[in-house]
Structures are given as C-alpha cells and as structure tokens.
Amino acid sequence: MTTESGIRTATRADGPVDPAPPPPGGVLWSLAGDVRGLLMLPAALTLQVAHPAVGAGVDDHSVFRTDPWGRGERSLRSVLLWVYGGEAAAEEGRRLRALHKTIMGTDAHGRKYHALTPAYYAWVHATGFPCYQHSLRYLNRRPLTGSQERQLYAEWLQVGRILGIHDRDMPQSVEEFWPYYRKMLAEEIEQTVVVRELADPGLRVPPPDRGPLPVRLLLRALWPVLLPRLTAFRSFVTVGYLPPEAREALGLEWTAAQERGLRRFSRVVRTLVPLLPERLRYLPRARKARAEARAKARAEAGARRRAAAR
C-alpha cells in the first residue's frame, strides 16, 4: 500500500510486515547516494553526539578514535542500505538495534543511559533532517521547496521506522519537528567531549588501513603532510554545515571569513557535481539501485504497452 505522503508500506493478510524503504524517485533517492552527501554527514554525526547520552555512548563504546576510516565506512554503508537496500533495509535496521542493545553506561553528568532509550535513539535519527535541510541551501542549485521539505521529512520518518523508531517517539510533521528541535537545542545538547574532538582542526587521525598495499604505503609516507590539511578541512565542513542555531547552542566558533569560504567552496561543488556522469556522481550502491529501478520501470512500461496493444 502507499500512504498519503507517497511512502510504501509492505503488508500481508495477517498484518504489517517490514517497513519499505523510501520510494525510487523520492527526495532521499536523489540525495542519499550523491557524493555531496559525504559533506553533510559529519555535521549530522556531530549533532548526534551533542546529546550527553549519545556522546557518552560513542565515547565509551565506539572505535571512532582507533578505526575512524572503518567506522565511517560502516556508517555510510548503513545509511545507503536504509534508502537503497530494498529488503535488506529492514534487516539492517534489526542489526543496528541488536548492536545497540548492549550499549549502556553513565554519562558525564552521572546519569545512566541506554542506547535504545526511545528519546536518545530518536534524536540520533532526527539530526539528519535539519542537517540535510541546511546543507542543501549551500550544496544544491536550489533550496528545497516547501513540498520537497515535507516529502524529505516523510521519507526520513519512514527510514526511522526501518530503524525501529516508533511514530510516537518522533514528531510526525515538519511543523511539529521544529519546536522539538529547538527544545532539544535549548535544553539537552551540549559541547560533549566527542563534539570537541570532531570539531577540532588539529585532531590526529591514523592513515587509512584499507585499499591496495602500494596506496596505503604511499599514504603512510605522506601522512605527516596530508593530515593537517585533511583534519582542517574535515573540521571546516563539520562546523560549517551545522545549522547556525546548532553551532550557537554548542558554542562552536564560526567567523564571517569562514562563512565566505564555505559559500565559495559550496558554489564550486553545486556547480560541478551535477555535471558529473552518474558513475562519478553517485556512490556504488546508490548507482546500482538507481539503474535497477530504471530497468524495472522500463520493463513495466513495456509490459503495459504490450497489454494495451492486445
């Protein structure tokens, strides 16, 4: 069946089954696998760990310090599965919930946390929407229309269902989302230890340990030269693509000169990326899913024409 927002939901005779991913042709279908999405993710991740419970969970249990490249690759693979994974999307959602069952501890304020506490789990997912919405003002040729923004939020809610987030734990419309978001900024989030690390332009990161051996050896040799530039750029896009109200709530400095630099950089990206062929513009999983969806649409259109000609 299809809901009023255009989101498909799988059903069976004895009741609902796994929620379906956002549909081909939707807003996320175009955005999630576009290489520009790689520039948006660090801001969303930073806003996630600004919640004391989430920051403590990452601080205590994540390998982001010892294996940042592997951690980033796994996070990206998961995001792409939610949108382009078909039946594998719901399986990924179940895997993530199982993974988070054991993540618990005490935050910096001495409060107990569990990763699957609905308010915490929902915040982690919710952060993607304002970061996408804000970043697209820079990285897209045109800002989202009101209709596109509502569709993006509806699709983001659908991804939340894949992750096992109940509708009662997330605002169910854009209009309900913004008061919730502002309340979280005012009352909950803070500059956690992990936020400071992610925003630090001098953070030390080990060289990648994946890929062909010659490439790894070359990177290792050049790392002392590459690292300062890499970490400065990572900090620049992380803080820059955070919504201004989130930067202010976190006490992260952002100057007028940095803003001008971000706008210049974004102008180049939004001009050049749409000109790229799909094999360069979209990440492999997204590219494959989009090709399969087009092939399926052509086959269905051909079948309809043949049926009409009989």
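Residues numbered from 1 in each chain as written. Predicted model: local features only at pLDDT ≥ 70, side-chain atom pairs only at ≥ 80, totals over all residues. Heavy atoms only, no water.

A.B. asks: I'd like to hear about the packing of aromatic side chains, residue by residue, with values.
C.D. replies: Within the structure shown, the criterion is met by 15 aromatic pairs. Centroid distance tyrosine 138 to tyrosine 241: 5.8 Å. Interplanar angle 75°. Geometry classified as edge-to-face. With a gap of 103 residues between them, tyrosine 138 in helix α7 (residues 128-139) and tyrosine 241 in the loop between α11 (213-240) and α12 (244-250) connect regions that are remote in the sequence. The two residues tyrosine 138 and tyrosine 241 agree in class, both being buried. Each ring, one from tyrosine 153 and one from phenylalanine 177, has its centre 5.5 Å from the other, and the planes form 55°; the classification is tilted. Linking tyrosine 153 in helix α8 (residues 146-162) with phenylalanine 177 in helix α9 (residues 174-187), this pair joins segments that are 24 residues apart in sequence. (Phe/Tyr/Trp six-rings, centres within 6.5 Å; stacked < 30°, edge-to-face > 60°. Helix = DSSP H or I, 4+ residues; strand = E, 2+ residues; numbered from the N terminus. Buried < 20%, exposed > 50% of the residue type's maximum accessible area, 1.4 Å probe, protein only.)

A.B. asks: Describe the nonpolar core, and please don't skip the residues or the numbers.
C.D. replies: Grouped together as the largest cluster of nonpolar side chains are 67 residues, with contacts concentrated most on Leu47 and Tyr84. For this core, the element with the highest residue contribution is α9, accounting for 7 residues. With residues near it in sequence (within four places) discarded, leucine 47 still touches Trp123, Thr127, Pro130, Cys131, Tyr181, Leu185, Ile189, Leu242 and Ala246. By size, the runner-up hydrophobic cluster in this structure holds 5 residues, among which are Ala53, Ala56, Tyr113 and Ala115. (Core = buried A, V, L, I, M, F, W, Y, C linked by side-chain atoms within 4.5 Å. Contact = heavy atoms within 4.5 Å.)

A.B. asks: Give a detailed account of the side chain of glutamine 158, specifying residues and quantitative values.
C.D. replies: On the secondary structure map, glutamine 158 appears in helix α8. The class for glutamine 158 is buried, based on a relative accessible area of 1%. Here alanine 20 takes part through its backbone oxygen, which lies 2.6 Å from a polar atom of the side chain of glutamine 158. (Polar contact = N/O pair within 3.5 Å; in protein donor to acceptor, adjacent residues only side chain to side chain.)

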